[in-house]
Protein chains: 2
Amino acid sequence: MKRIAILGSTGSIGRSTLSVVESYPDRFQVAALAAGKNVSAAFEQVERWRPRVAAMGSEADAEILRSRLSRAGISGTDVVHGPAGLVHLATHTDVDFVVSAIVGVAGLEATYEAVKAGKTIGVANKECLVAAGELITAEARRQGKPLLPIDSEHNAVHQCLRGGRMEEVERIWLTASGGPFLNTPQSDFSSITVEQALNHPTWKMGKRITIDSATLMNKGFEVIEACRLFHVPPAKVQVMVHPQSTIHSMVEFVDGSILAQFSVTDMRLPILYALTYPERIHSALRYPLSSLRHLDFSPPDMNKFPCLRLAYEAAEAGGARTVALNAADEVAVAAFLEGSIGFNEIPEIIEDAVLASNPGKLESIAKVLEADAEGRRYAQERILRIKKSVSPRATSVV
Amino acid sequence: MKRIAILGSTGSIGRSTLSVVESYPDRFQVAALAAGKNVSAAFEQVERWRPRVAAMGSEADAEILRSRLSRAGISGTDVVHGPAGLVHLATHTDVDFVVSAIVGVAGLEATYEAVKAGKTIGVANKECLVAAGELITAEARRQGKPLLPIDSEHNAVHQCLRGGRMEEVERIWLTASGGPFLNTPQSDFSSITVEQALNHPTWKMGKRITIDSATLMNKGFEVIEACRLFHVPPAKVQVMVHPQSTIHSMVEFVDGSILAQFSVTDMRLPILYALTYPERIHSALRYPLSSLRHLDFSPPDMNKFPCLRLAYEAAEAGGARTVALNAADEVAVAAFLEGSIGFNEIPEIIEDAVLASNPGKLESIAKVLEADAEGRRYAQERILRIKKSVSPRATSVV
């Protein structure tokens, strides 16, 4: 029986994880659930799963959850809150496996401490690898515990890597749907609307990741994640546009063989893989191979999608550069979504913020959080200048 | 240093193996070479590789080779001949790895004895798995030595299987180019010419295998080979038409993940894989993934290509049925190539020969050879009846 903690239990990955756990009651047990602000969802989850520990973001929300549980006569679940509560939950002795799925930097410290405490981690939080990847993967190596990727691309790479040894890998090929603007001329990018950008061709996801898919920044983050997770330089990670998103990624070995992974586009599959690794267990998630007809591929256009180039450069530089990339992207995407900046200005803001940050290693999660705050501040100031100026384009020469 | 014996050294696989060996002089050494009738080619190979043993099919050819070597002042190579010579060569103490690439049943006994002697085998000979697969794979399991497939499909499957355990395999998917008649209406099959049938879209191969690709019998043989090699029932092996032959095969796991293998269509790649397994070493055989654009797939049409159905049925029945399938196919293809029968009559002859043979296990290579001779005789008689009849179609009611 694997005892699971879910950091981010009321989010999309958290809910998918609980759906997987539900299908295999003999294998998995929910030991701990950490939510953010959604007390109602957290209450329902605790009522259903009766974990040993539950966490809310704030003390106030933790108090509300406690009294609702008490009124419902539910006992046996300690309710904690805040960063310290999250660390307590993620490193709890009753936990074997931690699903790290809190969006943003809030889950970084708890994930890092869970790795240090020898837990096996299923990584679904981008920041764990993009911002704190060097720290977290180094610690996982020290502990001799795997970091199991829970996103379709890195999960696919992890599967393909079983076909050889790491030193036998020539290149990792991440596939990209190409987003909604794959065939849009670059000259039209300044007039792209929020609605157009939120219309992702293959996956239904949150707003930020959908915009990140449209700019290819999401693929850029995945390049960085692949570098950190599999300890390869950026030059060994290639991106290939594959609009159907059927092949989730590929690994090319030194002998010239390439392994690729296919599956349905359902997050429960990589979650199940991570939870059961090194075993595979039966699921109903079948890809209908008999009805497969066409797969298309093309190389990505880095001029049209500069975010991808920025991510390669940040991956190469490392340290605060990848932190700033992620922080500035979050700020820039939010500004685009609220109509403050154009689609084509997203990469400009990120590039400035990245160049203002320091390359080189960060020694602690605290330093990562500082760099994150700095990147955010820089991007916000930059956006304010765009808002104030009559012509947004003029700011690029300030 | 891996010491290699090549059974069938002057054939296509034999020459490709020597080309691989040539590229890695620090890793491989040619310990033994067995040719059939081509004394000149055998002489050149012995001159170049100086193996410990060489074999020719007949005593006369062995004598010619001996005297040519002697005249050239080449010593240190024992020249043997015939079935006993081949067994001596394949089981020689100076041999670690045997590439079994003699076309037809002539290499069966030597391969079986090599397995018994604890050698690792690279299997390129169809008959080893189609006709004698049950015997040879059972013996390899007893010896705890791998049978490494040297053909692109099973080699691909072998690679994909590394992504999980055998009990985690849901299905094996063999890809098929579909041959030159993929889009030809079945009503035109009776008028297919030898020239049309020899025009394979993706691979350049020998005549028989090219016709076998056109009838899909080659894919049928591969279904049987997959069943024997990977110990799965025919229902777990599926065929998928994929005209580009880029994906060489796939494995679907119980969790819903599918792994696929790509590479250039060059036999040196599976040979290198088999020779170095479980390692992978660097080669120049690169698939140009950046220029990959489209892959197409469709299900095979078993009505149009009855040979594929016959192979499934023979795989299910086992024993002499698969032996007869192969033997009758060889005879029928030869008859088609010499103009004695029509393309559409190939499966009819094979079906009759298979149904005339006995299902159930064969206990020895001698029994396999008997069943092979019987299948051949049956098919030949059947073809003679076609030749004698005024209308070939009338024979089907005899």
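Residues numbered from 1 in each chain as written. Chains lettered and ligands numbered in written order. Predicted model: local features only at pLDDT ≥ 70, side-chain atom pairs only at ≥ 80, totals over all residues. Heavy atoms only, no water.

Caption draft 1: Region of the structure containing the environment of B:Glu330. Residues and elements named next belong to chain B. Within the secondary structure, Glu330 is located in helix 14 (residues 320–337). A residue is classified by how much of its surface remains accessible, and Glu330, at 27% relative accessible area, is partly exposed. Ignoring any residue separated from it by four or fewer positions in sequence, one finds Glu330 in contact with Glu127, Arg208 and Arg376. Polar contacts involving the side chain of Glu330 include one to the side chain of Arg376, which spans 3.4 Å. (Helix = DSSP H or I, 4+ residues; strand = E, 2+ residues; numbered from the N terminus. Buried < 20%, exposed > 50% of the residue type's maximum accessible area, 1.4 Å probe, protein only. Contact = heavy atoms within 4.5 Å. Polar contact = N/O pair within 3.5 Å; in protein donor to acceptor, adjacent residues only side chain to side chain.)

Caption draft 2: Local environment of empty space enclosed by the protein. Residue and element names in this part refer to chain B. One pass over the full model with this rule turns up three cavities of 30 Å³ or more. Within this model, the largest cavity holds a volume of roughly 40 Å³. Every residue lining the largest cavity is counted, 11 residues in all, and those nearest its centre are Ser152, His248, Ser263, Leu269 and Pro270. At the level of elements, helix 8 (152–160) and helix 12 (268–276) are the ones that each hand at least two residues to the lining of the largest cavity. Of the residues belonging to the lining of the largest cavity, the class tally is four nonpolar, six polar and one charged. (1 Å grid on protein atoms, 1.4 Å probe; cavity = no way out; pocket = protein on both sides within 12 Å on 5 of 7 lines; lining within 4 Å. Points joined across faces, edges and corners; volume = space filled by probe spheres on them. Nonpolar A, V, L, I, M, F, W, Y, C, P; charged D, E, K, R; others polar.)

Caption draft 3: Seen up close, the packing of helix 10 (residues 207–215) of chain A against helix 11 (residues 217–230) of chain A. Residue and element names in this part refer to chain A. Contact geometry of helix 10 with helix 11 gives a least axis separation of 5 Å together with a crossing angle of 90°. Here helix 10 is positioned roughly perpendicular relative to helix 11, judged by the angle of their axes. On helix 11, the residues that touch Arg208, Ile209, Asp212, Ser213 and Thr215 of helix 10 are Met217, Asn218 and Phe221. (Axes fitted to C-alpha atoms, helices over the stretch in contact; angles between N-to-C directions. Parallel < 35°, antiparallel > 145°, perpendicular 65-115°, else oblique.)

Caption draft 4: Highlighting the domain arrangement of chain A. All names here are of chain A. As far as domains go, chain A holds domain 1 (2–145) and domain 2 (318–391). The C-alpha-based centres of domain 1 and domain 2 are spaced at 28 Å. Contact between domain 1 and domain 2 buries roughly 1,000 Å² in total, counting both sides, with carbon and sulfur atoms accounting for 65%. Remark: the boundary between domain 1 and domain 2 carries zero salt bridges. In this assembly, domain 1 and domain 2 are joined by four residue pairs in polar contact (both at pLDDT 80 or more). Of all the secondary structure elements, the ones that give two or more residues to the side of domain 1 that touches domain 2 are helix 5 (108–116), helix 6 (126–130) and helix 7 (133–143). Of the residues assigned to the side of domain 1 that touches domain 2, the class counts are seven nonpolar, no polar and four charged. (Domains from an automatic or database assignment. Buried area = accessible area lost by both parts, 1.4 Å probe. Salt bridge = Lys/Arg side-chain N within 4 Å of Asp/Glu carboxyl O.)

Caption draft 5: Just the sheet that holds strand 10 (residues 247–253) of chain B, in detail. Strand order in the open sheet formed by eight strands is 9(A)-8(A)-10(A)-11(A)-11(B)-10(B)-8(B)-9(B), with mixed pairing between adjacent strands. The outermost strands of the open sheet, each flanked by one partner alone, are strand 9 (237–241) of chain A together with strand 9 (237–241) of chain B. On average, each strand axis in the sheet is inclined to that of its neighbour by 20°, with strand direction left out of account. Across the sheet, helix 8 of chain B is in contact with strand 11 (258–262) of chain A together with strand 8 (169–176), strand 10 and strand 11 (258–262) of chain B; its angle to strand 10 of chain B comes to roughly 40°. (Pairing = 2+ DSSP bridges.)

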